[in-house]
Amino acid sequence: MDFSFPKEYQLFRRMVREFCESEVKPLAKVIDREHRVPHETIRKAAKLGLMGVPFPQKYGGMGGGEIGYCILMEELGRVCTSTTTVIGAHTGIGAMAIYLDGTEEQKQKYLVPLAQGTAIGAFGLTEAQAGSDAAAIKTTAVRDGNHYVLNGTKIFITNGDIADIITIMAVTDPSLGAYGGITAFIVETDTPGFSIGSLENKMGIRGSSTAECVLQDVRVPKENVLGQFGAGFLTFMKALDVGRASLGAGCLGGAEAALEASIQWARAREQFGVPIATKQAVHFMIADMAAEIEALRALVYRTAWLIDTGQPHILEASACKLFGSEVAHRCINRALQIHGALGYSRDYWIELGWRDQRITEIYEGTNEIQRIVIAANLFRPYGMRIPT
Amino acid sequence: MDFSFFGELLEEEREITPEVTEGYRNLWVAAEAADGTLPPSTLEAIGQAREIANQIGVYVWASLLGDGVEPLAQQLIAYGADRVLVADSPSLAEYQPEVYVKILADLVGQHRPEMLLMPATSLGNDLAPRLAQRLNTGLISHCLKLTLDMSERLLLGTCPALGGEVYHTFACPQARPQMATLEPGYFRIPSADPYRSGEVKRVDLDLGGVTGRLSWLEREASVELPPVPLSRAKIVVSAGRGMGDAEGFALVQRLAEVLGAALVGSRGAFDEGWIPEDRIVGVGGQFIAPDLYIACGLSGDIYHYFGVQSARCIVAINPDENAPIMKVAHMAVVGDARQVIPAMLNALGR
Amino acid sequence: MRMVIPIKQILDPAGITVRRDKERIFINREEYIIDPGSKAALEAALRLKEERDQAETIAISLGPARTDDALREALAMGCDAAYLLSDPAFEEADLSVATLILAAAVRKLGGADLILVGRQSGDTGAGQIGPRLAEALGYAQVTDVYALAVENGAARTTRRWGKGYATVQVQLPAVVTVAPEAFPPRYPHGARIMNAYREWNVPVWGCADLNLEPSSLTPLLTFRGESFPPPLEPERFRGNPTTVAQEVITALTLHKLINPGGGSHGL
């Protein structure tokens, strides 16, 4: 067993960390306040191959696999969760769906610009009455000659308003339900009939736009059916599975930043004439943070390894998302406690980190859904099928 | 640094073979002239050479190359040289590494100095390593201190490593001359004695066909440097409300400019409109770890200090001795920054 | 145009704590990086390469096996080829021996039009390799360069000269040493990082490859010990502004925190 990172990943991490420290971290507060990640930052990331880390180089990607992608998410997670979300939704689910299920032509046409970062991607599943119950979507796609005509409204679409290419789930045969009745479509957002409704005013990750996408008689050529006709549910399940490992990596970064800030503050802050780092109450919080971070790191990178080596990973990926978001929650919460009033102040980033963290327990499948996925995988060998 | 590497060298030190040192004596300074005067760095080198020469009982020779430099030779004697070899020619008006190396190497070959010192200036740093390579000898560059190992008549040069955090001492037992460049500002300028006697000798120039390959086109006072991300700035100068007004802040700006430093400030400086938001240092802004942080007119509570606690050296200028920043500063200057900064600029020659 | 960039690998100073008061160096994290000066030289070379059609950039480095990482990073940054100069006989190399080895490598590569090195390394900071290499190869040299352009067989440089700068044109072949502050290095592209380890090779050249006799590689300098500057003790400066300012500037200079003359010609 060798737990060390191969050298290319060590160098990649160093490059990403320098990029994040110099180009992203100084902007984190502005990104939160102005509700957007600067286009320039995305452009710089794209120039380094960071918009297509997991994909093979023949599709314009970096060739870093899931391990490389998790390193990127971890490092971004240390400095800015909004940027993590923008790049994550673009890469981890938007482009990933095309990579996993696209035809060679679709990959050349759509994955290449997405991986190179000349186009931004998004993933359109959620609707007003279809959140965790993804099969309840109402958006329809009706065949009309060589096209499908899409109608419906997607909500909470990360990157919705900045995306050039969105993977949209639509009902193609209501009688067949989730398995057989839902199809994935690649939609170019400059297609007539596609428009952006309202933007969400969120508690955290405010730099990542969350848009309502309205499809009104959007005509999509039949070549843009992604994956098998009627198998859209499988397409998005696969993409989400992979995405979950990297979400855990983002949480890992956030938790690490919380720990490091706590250590530094505990050293600097004096009360009762001594640094609070001498207090056992602080030791316990910091030790718990460190232990959980170690566990999460092992989980995330083992899962990434499972994905890269083509092994089953659904349970582990869900565990990354579930455990990762909860570790991040506890760590940033402890960090806020250690920082006291400073942690509660909008002057410092802990408050921002705390607001940003909360979404990780909700998006891309709530933690409750993750628990169902994990349980379903555990009961399946005994012949029990739990619908997810 | 791989320190074991030096350890091995230490163990394997060989005896000095007599042939190496045979016939080498006296101590040389390759003097420089700039704008018709002897710069302090050259005087420092002469002073240091004099001290060493007195210890081992040899003469101090100086070489002086340039155009119209002969009048300066007497000054070298006044500062401590016993003999000055002058190569004065219009062809030496501009520095040409190959030409200077040729002249000095020929002189060294002829007169065989035991040690050769040069100031670590733009010219010295360019010339000394090339000359050492030509003479097939060792060079201890950027020395902050020179001492002698009298048992072997060895010159020991101490130079900074790891950005000046550590000093390393080297010697060159197996080749002559023993060469060193002296970091300007680290050695005492001797007092001149205008009655000191010595010999000035003109050198006949024989360049043997060596020509320079440089064309010196124009001089510039400054160049524009690319912006350095704050996280990587080595020197950071910071302004606080104590600078009073825009005029006071302009002084801090000027100091940053002269030191090639990044300019930041406290939240107060931001509120005054002096600095942009991304230049606030402290918990409300950026965290930095420069080598040198100069806090001008800011009190520096824990929330500010948290952002700079990793700085290697903090200088605080504040009239209030009890301001929090003054307690954590390595150099606490009690005074009004609006008076101290102009004096600092002055001391920096600006 | 062929550019050769001799680079140096150093221990990451960010992983080192020097405790002057304890007179000890603590290595908290043993990680090796490309010396910032070398990185600037790579950047300067890659910029020149981008400006023209026919140009190749070759990184070389002298060091133990781990130096392979520095060369792969150079490939990731954009270099066309990289060679590791490594041999048990090179282990004791001082600057004069390093010069011999690097010069032999440049000759084996068929010479260079331009050799780019950092002005000074971040660890030992001797600043000798550039001029020594120029001498060993018989090339022209310009040191401490802040701007660089090449046309018609000559390089136009802006170099530090005393308290100011000078524009100097130099005939090629030449060695140019660059100021790190003027050439902030690019980040390597992610895909090139992957390829640098998975696809590309860094050949190793030893004594035999370079036609060097181990007996000719005798260092001239010997290490005579390590010492520490006095720790920065908290100090208070009081009195009239002129005196105080002078004292502070002197203290900062002596601690090497500022360099008012910049290694000045005019000091």
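Calculation rules
Numbers given to residues run from 1 along each chain, matching the order in which its sequence is written. Working convention: letters from A go to chains and numbers from 1 go to ligands, in the order in which they are written. Per-residue local features are limited, in this predicted model, to residues with pLDDT of at least 70; the limit for side-chain atom pairs, both in listing and counting, is 80 or more; totals at the level of whole chains, interfaces and linings are taken over all residues. With hydrogens and water excluded, all non-hydrogen atoms of the structure serve as input to the side-chain values. Numbering of helices and strands runs from the N terminus, with a helix taken as a DSSP run of H or I at least four residues long and a strand as a DSSP run of E at least two residues long. C-alpha atoms define the radius of gyration in this analysis, and the globule rule sets the expected value at 2.2 Å times the number of residues to the power 0.38. Only protein chains enter the area calculation, which uses a 1.4 Å probe; residues under 20% of their type maximum are buried, those over 50% are exposed, and those in between are partly exposed. A contact between two residues is defined here by any heavy atoms of the two lying within 4.5 Å. Here the Shrake-Rupley method, with its probe set to 1.4 Å, supplies the accessible areas, and only the displayed protein chains count as covering residues. Lys and Arg are tallied as positive, Asp and Glu as negative. Neither His nor the chain termini are counted. Here the site of a charge means atom NZ of a Lys, CZ of an Arg, CG of an Asp or CD of a Glu. Two cysteine sulfur atoms make up a disulfide if the distance between them is within 2.5 Å. For any pair of parts, buried area is found by adding up, for both, the accessible area (1.4 Å probe) each one loses once the two are put together. Within this document, salt bridges are pairs made up of a side-chain nitrogen of Lys or Arg and a carboxyl oxygen of Asp or Glu, the two lying within 4 Å of each other. Residue polarity is assigned by list, with Asp, Glu, Lys and Arg as charged and Ala, Val, Leu, Ile, Met, Phe, Trp, Tyr, Cys and Pro as nonpolar; anything else, Gly included, falls into the polar class. At least two bridges found by DSSP between two strands are what make those strands a pair. Each residue carries a pLDDT score, the predictor's own confidence in it, on a scale running from 0 to 100. Counted as a polar contact is a pair of N or O atoms within 3.5 Å, where, for protein atoms, one must be capable of donating a hydrogen and the other of accepting one, and residues adjacent in sequence contribute only when both atoms are in side chains. Think of each axis as a best-fit line through the C-alpha atoms, taken over the contacting stretch in the case of a helix, with angles from 0 to 180 degrees between the N-to-C directions. Start and end positions for the domains come from either an automated domain assignment or a database one. Each residue after the first adds 1.5 Å to the expected span of a helix. Put simply, two rings from Phe, Tyr or Trp (the six-membered ring, in Trp's case) pair if the centres are within 6.5 Å, and we call them stacked under 30 degrees between planes, edge-to-face over 60, tilted for the rest. Here, a charge over a ring means that NZ of Lys or CZ of Arg falls within 6 Å of the ring centre while also lying within 35 degrees of the ring normal. To count toward a patch, a residue needs a relative accessible area over 30% and no salt bridge; like charges are then connected within 9 Å, while nonpolar side chains (Val, Leu, Ile, Met, Phe, Trp, Tyr) are connected within 5 Å.

## What to know about the overall build of chain C
Next, step 1: From N to C terminus, chain C includes 7 helices and 15 strands.
Next, step 2: Compactness check: chain C gives a C-alpha radius of gyration of 20 Å against a globular reference of 18 Å for 267 residues, within 12% of the reference.
Next, step 3: Taken across its 267 residues, chain C has 61% of its residues classed as buried.
Next, step 4: Of the contacts made within chain C by residues no fewer than 6 positions apart, 69% connect residues no fewer than 24 positions apart.
Next, step 5: As presented, chain C carries roughly 10100 Å² of accessible surface, and 47% of it is formed by carbon and sulfur atoms.
Next, step 6: Charged side chains of chain C number 28 positive and 32 negative; the gap between the two group centres comes to 5 Å.

## Some details on the overall build of chain B
Next, step 1: In terms of helices and strands, chain B carries 11 helices and 16 strands.
Next, step 2: The buried share of chain B, reckoned over its 350 residues, is 59%.
Next, step 3: In chain B, 63% of the contacts between residues at least 6 apart in sequence involve partners at least 24 apart.
Next, step 4: Accessible surface, chain B: about 13800 Å² in total, of which carbon and sulfur atoms supply 47%.
Next, step 5: A gap of 2 Å separates the mean positions of the 27 positive and 44 negative side-chain charges of chain B.

## A few points about the state of the cysteines
Next, step 1: Taken as a whole, this structure holds 0 disulfides over all chains when the rule is applied.
Next, step 2: Summary of cysteine pairing: C70(A) is not part of a disulfide, and the nearest cysteine sulfur, belonging to C320(A), is at 7.0 Å.

## Quick word on the interface of chain A and chain C
Interface size is often expressed as the accessible area that is lost when the parts come together.
Next, step 1: Between chain A and chain C, the residue contacts involve 19 residues of the former and 16 residues of the latter.
Next, step 2: At the boundary of chain A with chain C, total buried surface from both sides reaches about 1600 Å², with 59% on carbon and sulfur atoms.
Next, step 3: Three residues stand out in chain A for area buried against chain C, namely E8(A), L11(A) and R14(A), and they jointly supply 37% of the buried area on that side.
Next, step 4: The residue R198(C) makes a salt bridge to E8(A) at a minimum N-O spacing of 3.0 Å.
Next, step 5: By residue number, the principal contributor to the side of chain A that touches chain C is helix α1 (residues 7–24) of chain A, which donates 11 residues.
Next, step 6: Of the residues that constitute the side of chain A that touches chain C, the class distribution is 7 nonpolar, 6 polar and 6 charged.

## Thoughts on the pairing of strand β12 (residues 174–178) of chain C
Residue and element names in this part refer to chain C.
Next, step 1: Counting buried positions over the 5 residues of β12 gives 5, a clear majority of the element.
Next, step 2: Residues A174, V176 and V178 line one face of β12 and the alternating positions V175 and T177 line the opposite face, and both faces are buried.
Next, step 3: As judged from the 5 bridges shared by strand β8 (residues 114–118) and β12, these two strands associate in the parallel manner. Its bridge partner being in β12, I115 is matched across the sheet by V175.
Next, step 4: Pairing between strand β9 (residues 140–151) and β12: 4 bridges, direction parallel. Bridge pairing links Q141 to V175 in β12.

## Re the confidence of the model for chain C
Residue and element names in this part refer to chain C.
Next, step 1: Mean pLDDT over chain C works out to 93, with 97% of the residues at or above the 70 mark.
Next, step 2: Throughout residues 262–267 the model reports pLDDT below 50, and contacts reaching past four residues in sequence, or to other chains, amount to 26 contacts.
Next, step 3: In the model output, the complex is listed with pTM 0.92 alongside ipTM 0.94.

## Description of the interface of chain B and chain C
Next, step 1: Opposite the 100 residues of chain B that make contact, chain C presents 90 residues.
Next, step 2: Around 8400 Å² of area is buried between chain B and chain C when both sides are counted, 57% of it from carbon and sulfur atoms.
Next, step 3: In this structure, the connection of chain B to chain C is made through 9 salt bridges.
Next, step 4: Counting across the chain B and chain C interface gives 40 residue pairs in polar contact (both at pLDDT 80 or more).
Next, step 5: For the side of chain B that touches chain C, the element with the most residues is helix α6 (residues 122–135) of chain B, which contributes 9 residues.
Next, step 6: When its residues are assigned to classes, the side of chain B that touches chain C shows 57 nonpolar, 21 polar and 22 charged.

## Considering the sheet that holds strand β15 (residues 313–318) of chain B
Next, step 1: Taking strand neighbours across the sheet as the criterion, the 6 strands line up as β13(B)-β12(B)-β14(B)-β15(B)-β16(B)-β15(C) in an open arrangement whose pairing is parallel. Of all strands in the sheet, those with a lone pairing partner are β13 (262–265) of chain B together with β15 (235–237) of chain C, marking the two edges. Averaged over all pairs of adjacent strands, the angle between their axes in this sheet comes to 20°, without regard to strand direction.

## Things to note about the domain arrangement of chain B
Next, step 1: Partitioning chain B into structural domains gives domain 1 (23–202) and domain 2 (230–349).
Next, step 2: Put simply, the middle of domain 1 of chain B and the middle of domain 2 of chain B, counted by C-alpha atoms, are 40 Å apart.

## Here we look at the side chain of S208(A)
Residues and elements named next belong to chain A.
Next, step 1: Following the sequence through the fold, S208 ends up in the loop between β6 (194–199) and β7 (210–221).
Next, step 2: Using a relative accessible area of 0% as the deciding quantity, one classes S208 as buried.
Next, step 3: In this structure S208 touches S82, T85, V86, T158 and K202, once residues within four positions along its chain are discounted.

## With respect to the pattern of salt bridges
Next, step 1: Here the structure, examined in full by the defined rule, presents 69 salt bridges over all chains.
Next, step 2: Between E31(C) and R14(A) there is a salt bridge whose closest N-O contact spans 3.8 Å. Here E31(C) is found in the loop between β4 (24–27) and β5 (32–34), whereas its partner R14(A) is found in helix α1 on a different chain.
Next, step 3: Here E31(C) falls in the partly exposed class, since its relative accessible area comes to 26%.
Next, step 4: A salt bridge links R2(C) to E56(C); its shortest N-O distance comes to 2.9 Å. Placement of R2(C) in strand β1 (residues 2–7) and of E56(C) in strand β6 (residues 56–62) is noted, with a sequence separation of 54 residues between them.
Next, step 5: With a relative accessible area of 24%, R2(C) lands in the partly exposed category.
Next, step 6: Overall, E56(C) belongs to the partly exposed group, its relative accessible area being 32%.
Next, step 7: A single network of salt bridges, built from pairs that share partners, joins R13(A), R17(A), E74(A), E75(A), R78(A), E256(A), E260(A), E294(A) and R297(A).

## A few points about the sheet that holds strand β5 (residues 139–143) of chain B
All names here are of chain B.
Next, step 1: The parallel open sheet is built from 7 strands, whose spatial order is β5-β9-β4-β1-β2-β3-β10. Two strands lie at the open edges of the sheet, namely β5 and β10 (199–202), each paired on one side alone. Going from strand to strand, the sheet's axes swing by 20° on average, the running direction of each strand aside.
Next, step 2: Relative to strand β9 (residues 178–182), strand β4 (residues 115–119) is paired through 5 bridges, and the arrangement is parallel. Looking at the pairing, M118 lines up with T181 of β9.

## A few points about helix α9 (residues 280–308) of chain A
Residue and element names in this part refer to chain A.
Next, step 1: In a regular helix each residue adds 1.5 Å, so 29 residues correspond to 42 Å; α9 covers 42 Å between its end C-alpha atoms and thus fits that length.
Next, step 2: The inward-facing, buried residues of α9 abut α1, α4 (65–79), α8 (232–268) and α10 (314–339).
Next, step 3: Following α9 by one or two positions, G310 has its phi on the positive side, about 70°.

## Some words on the packing of aromatic side chains
Next, step 1: Taken as a whole and assessed by the stated rule, the structure comprises 22 aromatic pairs over all chains.
Next, step 2: Each ring, one from F249(B) and one from W274(B), has its centre 5.4 Å from the other, and the planes form 15°; the classification is stacked. You can see F249(B) sitting in helix α7 (residues 246–259) and its partner W274(B) sitting in the loop between α8 (267–271) and β14 (292–296), a full 25 residues away along the chain.
Next, step 3: Aromatic rings pair up to connect W265(A), Y348(A), W349(A), F287(B), Y303(B) and F306(B) into one cluster.
Next, step 4: Positioned above the aromatic ring of F5(A) is the side chain of R13(A), whose terminal nitrogen or guanidinium carbon lies 5.2 Å from the ring centre.
Next, step 5: The cationic tip of R112(B) hangs over the ring face of Y24(B); the distance from NZ or CZ to the ring centre is 4.7 Å.

## Brief notes about a nonpolar patch on the surface
Residues and elements named next belong to chain A.
Next, step 1: A contiguous nonpolar patch, built from F379, Y382 and M384 and spanning about 360 Å² of accessible area, is present on the exposed surface.
Next, step 2: Within the fold, Y382 resides in the segment after α13 (367–379).
Next, step 3: For Y382, a relative accessible area of 67% gives the class exposed.

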